[in-house]
Amino acid sequence: MLTLPRETRPGLDLVKDALAALREKGRERPRPNDLDARDPAFIARLLPLLGLFYDDYFRCETEIEEELPEGPFLGVSNHNAMTGMPDMYCHMTAFWRRYGPSRPAYGLMHDLPFSVPKAGIWLNACGAIAASQENARRALARGAAVLVFPGGDLDACKPTSAQYTIRFGRRRGFVRLAIREGVPIVPVVSVGAHQSLYIATDGRRLAEWLRLPRIARSNVAPLGLALPWGLIVGVPIPHVPPPVKIHTRMLRPLHLGLPREAADDPAEVERAFERIVAVMQAGLDALRAAGRHGLFPRG
């Protein structure tokens, strides 16, 4: 098991340059379906600033059970803490620290963040592309790593009482994608970020009543508490997370060993799905038992 070490705190000049990179990139427009929108030079300039949040604010601990495959693979992660999930940024920073910004890597993202001023282009330049099978296939064809969060809002907005569960719902597209493209799956599990707020209920019935799945592609309407809003009702808007410690583990790659035509066999897809979720749930249980995460981490 490899634990990524803490890096030397960057100097003020590097932090200022990272802020300048954000200002410069913020003048552009996002291109959600363009793989060439990813900007390794921008990522390299941004890393010192991200490193401060990674090491000093979220005190991230990232473990890698086995070096990631050199070729294309599908990273599959659980989701935490609504739409302001700090674990996502920690995944990105850890990957770049270990493998460098020049290694092609993308993350599938909901349409909505691309429309957020400045943030949409920043995420796009870091490798975020619109979540679609076609975009994922094109990225894998380039030999890239592709990160997906199959649970989406169902996983990110699950109640605090269910923070240690994998919630992927009925989503099986990522399994079919991995089978068709013949790429391994790297399960990624993370804990801690869900303690940056409190969610009483994900409000799925309310979301259905408000027709949010059709109107906003949102399956949830959470009820809870988060900074700086206080009470959150019905809209999973980004929050300001307190300094929760985040503990992440990239598990050993899973080689499904199935022929491409198995992607059209519901029974084979379901067996593969259950295998992936079982591995991830076991990994999540191990992180929970370690207790090195959240507002009051042990050890």
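The sections below set out a description of the structure shown in this document. Since the model is a prediction, treat every value here as computed from it, not as a measurement. (Residues numbered from 1 in each chain as written. Predicted model: local features only at pLDDT ≥ 70, side-chain atom pairs only at ≥ 80, totals over all residues. Heavy atoms only, no water.)

Some details on the overall build of the protein chain
As a reminder of what qualifies: A run of H or I in DSSP becomes a helix once it reaches four residues, and a run of E becomes a strand once it reaches two; helices and strands are each numbered from the N terminus. Only C-alpha atoms enter the radius of gyration; for comparison, a globular chain is expected to reach 2.2 Å times N to the power 0.38, where N is the number of residues. In this description, accessible areas are obtained by the Shrake-Rupley approach with a 1.4 Å probe, and a residue is regarded as covered only by the protein chains that are shown. Under this rule, positive means Lys or Arg and negative means Asp or Glu; His and the chain ends count for nothing. Where a charge lies is defined by one atom per residue type: Lys uses NZ, Arg uses CZ, Asp uses CG and Glu uses CD.
Within the protein chain one finds 10 helices and 11 strands. The C-alpha atoms of the protein chain give a radius of gyration of 18 Å, which matches the 19 Å a tight globule of 299 residues would have. In terms of overall dimensions, the protein chain has a C-alpha envelope of 55 × 45 × 45 Å along the principal axes. Of the roughly 14000 Å² that the protein chain leaves accessible, carbon and sulfur atoms contribute 58%. Between the centroid of the 39 positive side chains of the protein chain and the centroid of its 31 negative side chains there is a distance of 5 Å.

Considering the packing of aromatic side chains
Note the cut-off: In summary, the pairing rule links any two rings of Phe, Tyr or Trp, Trp by its six-membered ring, whose centres are within 6.5 Å, and it sorts them by plane angle into stacked for under 30 degrees, edge-to-face for over 60 and tilted for everything else. Should the NZ of a Lys or the CZ of an Arg lie within 6 Å of a ring centre and within 35 degrees of the ring normal, that charge is described as sitting over the ring.
According to the stated counting rule, one finds six aromatic pairs in the structure shown. Ring centres 5.3 Å apart and planes at 40° place the aromatic pair Phe 95 and Tyr 99 in the tilted group. Placement of the pair is Phe 95 and Tyr 99 together in helix α3 (residues 86–99), with a separation of four residues, close to one helical turn. Sitting over the ring of Phe 42, Lys 25 keeps its end group 5.7 Å from the ring centre. For Arg 172, the ring lying beneath its charged end belongs to Phe 273, and the centroid distance is 3.5 Å.

Examining the side chain of Asp 202
Rules: Contacts are residue-level and defined by heavy atoms, with any inter-residue pair within 4.5 Å sufficient.
Turning to its location among the elements, Asp 202 is positioned in the loop between β8 (198–201) and α8 (204–209). Discounting chain neighbours no more than four positions away, the residues touching Asp 202 are Cys 157, Lys 158, Pro 159, Arg 167, Val 220, Ala 221 and Pro 222.

Remarks on the sheet that holds β8
Heads up, the condition is: Each pair of strands is called paired provided DSSP finds at least two bridges between the two strands. Each axis is a line fitted through C-alpha atoms, taken for helices only over the stretch in contact, and angles between the N-to-C directions span 0 to 180 degrees.
Read from one edge to the other, the open sheet built from three strands follows the order β8-β9-β10, with strand pairing classed as antiparallel. Edge positions in the sheet fall to β8 and β10 (230–233), since each has one partner strand and no second. Here the average twist between neighbouring strands, direction ignored, is 20°. In terms of strand pairing, β8 meets strand β9 (residues 223–226) through three bridges, oriented antiparallel.

Considerations on the pattern of salt bridges
Put simply, the rule reads: In the sections that follow, a salt bridge refers to a side-chain nitrogen of Lys or Arg positioned within 4 Å of a carboxyl oxygen of Asp or Glu. Relative accessibility thresholds used throughout: buried, under 20% of the residue-type maximum; exposed, over 50%; partly exposed, between the two (1.4 Å probe, protein chains only).
By the definition in use, this model includes 24 salt bridges. Of the charged contacts in the structure, one is a salt bridge between Arg 6 and Asp 56, with a shortest N-O distance of 2.3 Å. Of this pair, Arg 6 sits in the loop between β1 (2–3) and α1 (12–25) while Asp 56 sits in helix α2 (residues 40–57), placing them 50 residues apart in sequence. The exposure class assigned to Arg 6 is partly exposed, which follows from its relative accessible area of 48%. When the shortest N-O distance is used, the salt bridge between Glu 268 and Arg 271 registers 3.6 Å.

Focus: the packing of α1 against α2
For clarity, the threshold we go by: For classification, angles of less than 35 degrees are called roughly parallel, those exceeding 145 degrees roughly antiparallel, those between 65 and 115 degrees roughly perpendicular, and all remaining angles oblique. Working rule for handedness: look at the near helix, and if it is turned counterclockwise from the far one by less than a right angle, call the crossing left-handed; if clockwise, right-handed. Note on residue classes: Ala, Val, Leu, Ile, Met, Phe, Trp, Tyr, Cys and Pro are nonpolar, Asp, Glu, Lys and Arg are charged, and everything else, Gly too, is polar.
Their axes nearest at 8 Å, the elements α1 and α2 cross at an angle of 125°. For the element pair α1 / α2, the angle class is oblique. Taken as a pair, α1 and α2 cross one another with a handedness that is left-handed. Every residue of α2 that contacts α1 at Leu 14, Val 15, Asp 17, Ala 18, Leu 19, Ala 20, Ala 21, Leu 22, Glu 24 and Lys 25 is listed here: Phe 42, Arg 45, Leu 46, Pro 48, Leu 49 and Leu 52. Split by residue class, the contact of α1 with α2 holds 12 nonpolar, no polar and four charged.

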